Each structure stands twice: as C-alpha cells, then as structure tokens.
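Chain residues, written in single-letter form:
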Amino acid sequence: MKNYSSLLIGGKQFSSRLMVGTGKYKSTQDMVESLSNSETEIITVAVRRIQNDQTGENLLEKINWKKYWMLPNTAGCVNSDEAVRIAILGRELAKLSGQEENNFVKLEVIPDKKYLLPDPIETLKAAEILIKKGFSVLPYINADPILAKRLEEIGCATVMPLGSPIGSGQGLLNLSNIEIIIENAKVPVIIDAGIGVPSEASQAMELGADGVLINSAIAQAENPPLMAQAINYGVKAGRQSFLAGRIKKQDFAVASSPEKNISNSLN
C-alpha cells in the first residue's frame, strides 16, 4: 500500500510531491525564487549542464543544498554505457554539495534528437547496472505499463512516465497507460514531462500519481516564480482531491436537495 502521508523514495521521506528542474531559466534569480515558491524538496540537475547556459554560473554554488535534495540526471546520454558513467559523476557531485548519502539518479537515455523519446531497452539495461552499484534509480520512460513494471521488479525506486514530449506543454496525452501504471505500481509514480499549467499538474495527482516533475512549464513562463507557486497549489489540490475521493459520474442529473419528506407548508 502506498504511503499517503509523505512521499517515500529510496528510503527517504519528502513532504512535497513536486520536483522541479533547474534548466531553461532566464536568470539565476528566477530559478532561486521559483524553487522557493514551489516549496519543492527535490531538484533535478543535469550533470552535463552544471554550468548555467544563460549566465555561465555554476549551479552547485548558487543553490542551498542544505535545503534541497539533489537529483542528478543523465540528460544528454544516448546509451546505457554513457548513462552509467554520467550517473557515477552525478553521485560525486552530490557528495561535493554535502549530501554524502545521496545515491539518487534520474535516469534518462534519449538517442532520439527530434522527439526526445527515451530508449526503453537502454534504460532498462542502465537501470540494472546502476541498481547493482547502489543507486536509487528514478527512470524516465514512455508511458509503457510493461516497462514500468519490469523496472519496478528489478529494484527501481520510482517510475517516471512522460505525460507528453519533453517541454511540449501538451499535458497528459497518455492517460489510459498512465492510469494502468499507477494502478499496478508498488513504487511511487512520478509524472515527468509535458505538464504545462497547474490544472494539468492537479489532474496528474487526481489520477493517483505520487508526484510530478516540472521544469519547462515554470522556467519558460512569463513569470516563473509565480507559475512555480501556482503549480505548487495545483499539486496540493490534486493530491487532496485524490485522497478525498471524487463522486461517481452519473448519466443523469441528481438533485442536491432531498426530495423526500419535503413540507409544503412554511409554518
């Protein structure tokens, strides 16, 4: 049974169910304010892009790593060998930030440059190797229920199916498969990629997802800090809605006031 009071990943508990990325911001100030407004506890950092593309600043020096848990990711890797090598480097970066016990890695293996879709075979291969090396592996995958279950069975800490292509803002286009993954999973399901607005983050949580990871929707908004706050609210509302349990859909209208025992007199 899943833990509803907090998010448990790799033996570590988090109160926030929103993970936030650190790429694509126009400025370091936008990024720092957005992270704060999101109330996230987990932020993902592309190991190959520690240097901020816009400012040239080193992310390790600009983020308070006592406040946030680093989730190094293997973005830019096109095969399993490359992903394993970058994951090991990411673990060393986490140690340099003061997180000596951090073995987390967001596993991305994406050889497709046009659609940026993850390679299921190389992802599974890399996950098996990294798990043997003591990593808590959070794999980014297509919304494939069979692959998700296989990754869970070999010991991945989560599964992270995409809602729609990275950075597209198209929302949740794979609802039926995502629902199957959530129904069958015994590890946290984090919806990653494609969410564009707070309502879509809320929708993911209402389905029963354990969390969402968002970067572009915040970083590329006209006002990133404000969007971060809005998405934070959306995640919280969606989670509460899921726990509360929605009413069943009916084919016809159902009166909200009882029709029995109604008095015809005002006296």
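Concerning the side chain of serine 164
Move 1: Mapping serine 164 onto the fold places it in the loop between β8 (160-161) and α6 (175-184).
Move 2: Serine 164 sits in the buried class, given a relative accessible area of 1%.
Move 3: At 2.7 Å, the side chain of serine 164 and the backbone oxygen of glycine 171 are in polar contact.
Move 4: Once residues lying within four places of it in the same chain are set aside, the contact partners of serine 164 are Gln170, Gly171, Leu173, Asn174, Ala193 and Gly194.

Considering helix α5 (residues 145-154)
Move 1: Within α5 the residues assigned to the buried category are Pro145, Leu147, Ala148, Leu151, Glu152 and Ile154.
Move 2: Those residues of α5 that are buried lie in contact with α4 (120-132), β7 (136-141) and α6.
Move 3: Taking the backbone nitrogen of isoleucine 146 as reference, a side-chain oxygen 3.0 Å away marks aspartate 144 as the first, capping residue of α5.
Move 4: Two residues or fewer after α5 comes glycine 155, characterised by a positive phi angle close to 115 degrees.

Examining the packing of aromatic side chains
Move 1: Within the structure shown, the criterion is met by two aromatic pairs.
Move 2: Here phenylalanine 14 and phenylalanine 104 contribute two aromatic rings whose centre-to-centre distance is 6.3 Å and whose plane-to-plane angle is 70 degrees, an arrangement assigned as edge-to-face. In this pair, phenylalanine 14 sits in strand β2 (residues 12-14) while phenylalanine 104 sits in strand β6 (residues 104-107), placing the two residues 90 residues apart along the sequence.
Move 3: A residue is classified by how much of its surface remains accessible, and phenylalanine 14, at 3% relative accessible area, is buried.
Move 4: Note on phenylalanine 104: relative accessible area 3%, which makes it buried.
Move 5: An aromatic cluster of three or more residues is present, and its members are Phe14, Trp69 and Phe104.
Move 6: Seen from the ring of tyrosine 140, lysine 106 lies directly overhead, with NZ or CZ sitting 5.3 Å from the centre.

Parameters and conventions
Residues numbered from 1 in each chain as written. Predicted model: local features only at pLDDT ≥ 70, side-chain atom pairs only at ≥ 80, totals over all residues. Heavy atoms only, no water. Helix = DSSP H or I, 4+ residues; strand = E, 2+ residues; numbered from the N terminus. Buried < 20%, exposed > 50% of the residue type's maximum accessible area, 1.4 Å probe, protein only. Polar contact = N/O pair within 3.5 Å; in protein donor to acceptor, adjacent residues only side chain to side chain. Contact = heavy atoms within 4.5 Å. Phe/Tyr/Trp six-rings, centres within 6.5 Å; stacked < 30°, edge-to-face > 60°. Lys NZ or Arg CZ within 6 Å of the ring centre and 35° of its normal.

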